[in-house]
Each structure stands twice: as structure tokens, then as C-alpha cells.
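The primary structure of each chain is shown beneath.
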Amino acid sequence: MVEYRIDRRSGVATYLQIVQQTKQALRLGLLEPGDKLPTAREVVEATAINPNTVLKAYRELEREGLVEARRGLGTFVRKSLGAAPADSPFHTELTDWAVRAREAGLEHDDVAALFTAVLEEHFKGDEA
């Protein structure tokens, strides 16, 4: 099951953080069709956010066709995204790269900016 982490300083709306984290879990194969998302109550207890925020995120995911709400049962994954499972060899390579970047003195935002720049350079015109 996915565990949401809310960064209140990120400038990204809380419901969008939930949407983005769910999509990331779908891309990495951490969530698969048929899996149940945490209930709004569980997310609220873990993150101390408003239940309406969770419901807004789940409605957005449902609108995109990624999940479906089943009355009285919960919200379930309908389809997966991408093809980059968490156990991909790329994960290991990226982990090694991140460790080297940190050892070289780069901070989180430096690494994120560098990685984003490389992605933009090599994936021009591709949809994220």
C-alpha cells in the first residue's frame, strides 16, 4: 500500500502531491490494478490533512481513469502506468548516481535540477 508524504513547503497543492505520488507508485509497479488505495481516513490520520483534500485527489485520479471508487469498499487501482518497476536495473544505477552526487556535495535541489535538465534535454517533446 502506498504511504503519502506531504511536503507543506513545496508550493505544490496537497491534493496534487497525492495525485503525483499515486502516479509514481503506478509507474514503479508499487501499485497494480486491483490494489486498494488507503481510505481517506487512513491518509488523514497519517498526514493530518483535510479529508476533502484526499477525496479531491482520488476524484482527480478517477477522472483520469486510473482508479475507481466502489461504494462501501474503497478506491481501487484500475490501470498501471509506464514500465519502470522499482526493481529495474535503472533504479540501481540511479541510486548509485545519487549516492555519488551526494558524496560530491550536491544537495537535493541541486540533484533535482540537474536530473530535470537532463530529462528535458533527452526527452524533448515527450509528455511526462
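Further up the page is the structure itself.
What counts, and at which threshold
- Residues numbered from 1 in each chain as written.
- Predicted model: local features only at pLDDT ≥ 70, side-chain atom pairs only at ≥ 80, totals over all residues.
- Heavy atoms only, no water.
- Axes fitted to C-alpha atoms, helices over the stretch in contact; angles between N-to-C directions.
- Helix = DSSP H or I, 4+ residues; strand = E, 2+ residues; numbered from the N terminus.
- Parallel < 35°, antiparallel > 145°, perpendicular 65-115°, else oblique.
- Left-handed = near helix turned anticlockwise from the far one by under 90°.
- Contact = heavy atoms within 4.5 Å.
- Nonpolar A, V, L, I, M, F, W, Y, C, P; charged D, E, K, R; others polar.
- Core = buried A, V, L, I, M, F, W, Y, C linked by side-chain atoms within 4.5 Å.
- Buried < 20%, exposed > 50% of the residue type's maximum accessible area, 1.4 Å probe, protein only.

Chemist: Just give me the short version of the packing of helix α1 (residues 14-27) against helix α3 (residues 51-63), but keep the residues and values in it.
Modeler: One way to put it is that α1 packs onto α3 with a least axis distance of 8 Å and a crossing angle of 45°. Relative to α3, the element α1 is oriented oblique. The two elements α1 and α3 meet at a crossing, and its hand is right-handed. Where α1 abuts α3, its residues Thr 14, Tyr 15, Ile 18, Val 19, Thr 22 and Lys 23 lie against Thr 53, Val 54, Lys 56, Ala 57, Tyr 58, Glu 60 and Leu 61. Among the residues forming the contact of α1 with α3, the class breakdown is seven nonpolar, three polar and three charged.

Chemist: Which residues make up unusual backbone geometry, and what are the values?
Modeler: At Ala 48, a residue that is not glycine, the phi angle is positive and equals roughly 60°. Note on placement: Ala 48 falls in the loop between α2 (40-47) and α3.

Chemist: Residue-level account of the nonpolar core, with values.
Modeler: A general tendency of soluble globular proteins is for nonpolar side chains to be buried together. Within the largest apolar cluster, 20 residues are counted, with the highest numbers of intra-cluster contacts made by Ile 18, Leu 37 and Tyr 58. Put simply, the parts of the chain that give this core at least two residues each are α1, α2 and α3. When near neighbours in sequence (up to four residues on either side) are disregarded, Tyr 58 contacts Tyr 4, Ile 18, Leu 37, Pro 38, Val 43, Val 67 and Thr 75.

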